[in-house]
Amino acid sequence: MSRVLVVDDEESISKLVEYNLQQAGFEVLTADTGTKALAIMAETPRPDLVVLDLMLPGIGGMELCQRLRKEGISTPIIMLTAKDDEVDRILGLEMGADDYVTKPFSPRELVARVKAVLRRANDEGSSEEGVYNCGEIVLDINRYEVTVRGERVDLTPREFELLHYLAKHMGRVMSRDHLLDKVWGYEFAGDTRIVDVHISHLRDKLERDPKQPEFIKTVRGVGYKLIRGE
């Protein structure tokens, strides 16, 4: 049974999410502040996924997400936001969130997204496809590990999945819409910038010079492709 941590200071929202996740077979933990959430994430075993509200008292959702990523905690995060604002959504993704849901939301949709994110993370961890050698970048699916010039690099689950998909189709140009469909698995109507954000994160972590990438190339007007380097 997967464990989900729900972090929201609105009791009505927290109970709604908790009830629907429990009905779907998840074990649910709750926290109404960022401080309590940090304490839970410090425990062993950690929750398998976090549903995180953007607007929290004290330590806000953005800061909490950033802290977890800086501590090397790659647990998938789905961010809840009452702000239907592209800036907030993109900023949340830049802080390390894997997905977002805008309030008001359908509980069924949220449960479906939780399942999808967990399924993809688990699939990556159990894959037997082996090792992808992209020159200085080596992607080991069995170990869920990426090394660059021999040094291990920590990726979020979504970053790992995106790199894995590009590696499986080495040299092929993938449009943003295609990556959105295959990696995220559902419609982000008009929101292909989510792909750009994650590509930018990957370049920051993998490339010598993110502004002049050797491996993850942009094909103007089309999308991206992964090559073995120049």
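Residues numbered from 1 in each chain as written. Predicted model: local features only at pLDDT ≥ 70, side-chain atom pairs only at ≥ 80, totals over all residues. Heavy atoms only, no water.

Visitor: What am I meant to see in the overall build of the protein here?
Guide: Regarding its fold elements, the protein presents eight helices and 12 strands. A globule of 230 residues ought to have a C-alpha radius of gyration of about 17 Å, and the protein, at 18 Å, matches this closely. Buried positions account for 53% of the 230 residues belonging to the protein. Looking at the protein alone, contacts between residues at least 24 apart form 58% of all its contacts between residues at least 6 apart. The positive charge centre, built from 32 side chains, and the negative charge centre, built from 41, are 3 Å apart in the protein. (Helix = DSSP H or I, 4+ residues; strand = E, 2+ residues; numbered from the N terminus. Rg over C-alpha atoms; globule rule 2.2 N^0.38 Å. Buried < 20%, exposed > 50% of the residue type's maximum accessible area, 1.4 Å probe, protein only. Contact = heavy atoms within 4.5 Å. Lys, Arg positive; Asp, Glu negative; His and termini not counted. Charge placed at Lys NZ, Arg CZ, Asp CG, Glu CD.)

Visitor: What exactly am I supposed to notice about the nonpolar core here?
Guide: Inside soluble globular proteins, nonpolar side chains tend to come together where they are buried. In terms of nonpolar packing, the biggest core is built from 55 residues, with Leu5, Val7, Leu52, Leu179 and Leu206 touching the most fellow members. Once residues within four sequence positions are removed from consideration, Leu179 is found in contact with Leu162, Tyr165, Leu166, Met174, Trp184, Val195 and Tyr224. (Core = buried A, V, L, I, M, F, W, Y, C linked by side-chain atoms within 4.5 Å.)

Visitor: Explain the packing of aromatic side chains here, please?
Guide: We describe a pair of aromatic rings using the distance from one ring centre to the other and the angle between the two ring planes. Counted under the stated rule, the structure contains one aromatic pair. Considering the side-chain rings of Tyr144 and Phe160, the 4.1 Å spacing of their centres and the 20° angle between planes classify their relative orientation as stacked. Linking Tyr144 in the loop between β7 (137-140) and β8 (145-148) with Phe160 in helix α6 (residues 157-168), this pair joins segments that are 16 residues apart in sequence. For Tyr144, a relative accessible area of 23% puts it in the partly exposed group. (Phe/Tyr/Trp six-rings, centres within 6.5 Å; stacked < 30°, edge-to-face > 60°.)

Visitor: Can you walk me through the pattern of salt bridges in this structure?
Guide: As a working rule, side chains carrying opposite charge can pair if their charged atoms are close by. One pass over the structure, following the stated rule, counts 17 salt bridges. Across the pair Lys36 and Asp32 runs a salt bridge whose closest N-O atoms are separated by 3.0 Å. Owing to a relative accessible area of 34%, Asp32 belongs among the partly exposed residues under this scheme. As a salt-bridge pair, Lys103 and Asp53 come within 3.2 Å of each other at their nearest N and O atoms. Placement of the pair is Lys103 in the loop between β5 (99-102) and α5 (107-126) and Asp53 in strand β3 (residues 49-53), with a sequence separation of 50 residues. Accessibility assignment for this pair places Lys103 and Asp53 in one class, buried. Through salt bridges that share partners, Asp8, Glu10, Asp53 and Lys103 make up one connected network. (Salt bridge = Lys/Arg side-chain N within 4 Å of Asp/Glu carboxyl O.)

Visitor: Would you mind showing me how to read the packing of α6 against helix α8 (residues 193-206) here?
Guide: Each pair of packed helices gets described by two things: the angle between the helix axes and the distance between those axes. Between α6 and α8, whose axes approach to 10 Å, the crossing angle comes to 85°. In terms of their interaxial angle, α6 and α8 are classed as roughly perpendicular. Touching Arg158, Glu159, Leu162, Leu163 and Leu166 of α6 are His198, Ile199, His201, Leu202, Lys205 and Leu206, all from α8. Taken together, the residues that form the contact of α6 with α8 break down as six nonpolar, two polar and three charged. (Axes fitted to C-alpha atoms, helices over the stretch in contact; angles between N-to-C directions. Parallel < 35°, antiparallel > 145°, perpendicular 65-115°, else oblique. Nonpolar A, V, L, I, M, F, W, Y, C, P; charged D, E, K, R; others polar.)

Visitor: How do you make sense of the sheet that holds strand β10 (residues 174-175) when you look at a structure like this?
Guide: The three strands lie next to each other as β10-β12-β11, forming an open sheet whose pairing is antiparallel. Strands at the two margins of the open sheet, each flanked by one partner only, are β10 and β11 (216-219). Contacting β10 and β12 (223-226), α6 crosses the sheet at an angle of about 75° to β12. (Pairing = 2+ DSSP bridges.)

Visitor: Help me understand helix α1 (residues 11-23), please; the structure alone is not making it clear to me.
Guide: Since one α-helical turn is 3.6 residues long, residues separated by three or four positions face the same way. Spanning 13 residues, α1 covers 18 Å between terminal C-alpha atoms, matching the ideal 18 Å at 1.5 Å per step. Among the residues of α1, Ile13, Ser14, Val17 and Leu21 are the ones counted as buried. Take α1 and look down its axis: the buried residues cluster within an arc of 100°, on one side only. Away from its buried face by more than 90 degrees, α1 exposes Glu11, Ser12 and Gln23. At the exit of α1 stands Gly25, carrying a positive phi of roughly 100°. (Expected span 1.5 Å × (residues − 1). Arc of directions from axis to C-beta.)

Visitor: It is not clear to me how the UniProt feature "modified residue: 4-aspartylphosphate" (unreviewed entry) in the protein should be interpreted in this structure. Could you clarify?
Guide: The residues that UniProt annotates with the feature "modified residue: 4-aspartylphosphate" (unreviewed entry) are Asp53. Given a relative accessible area of 2%, Asp53 falls into the buried group. Setting aside anything within four residues of it in sequence, one finds Asp53 in contact with Val7, Asp8, Asp9, Gly61, Leu80 and Lys103. (UniProt positions renumbered as here; feature names shortened; annotations may be inferred.)

Visitor: I would appreciate a short explanation of the environment of Ala31 in the present structure.
Guide: When you line up the elements, Ala31 lands in strand β2 (residues 27-31). Given a relative accessible area of 5%, Ala31 falls into the buried group. Filtering out sequence-adjacent residues up to four positions away, Ala31 remains in contact with Leu5, Val6, Val7, Asp8, Lys36, Ala37 and Ile40.

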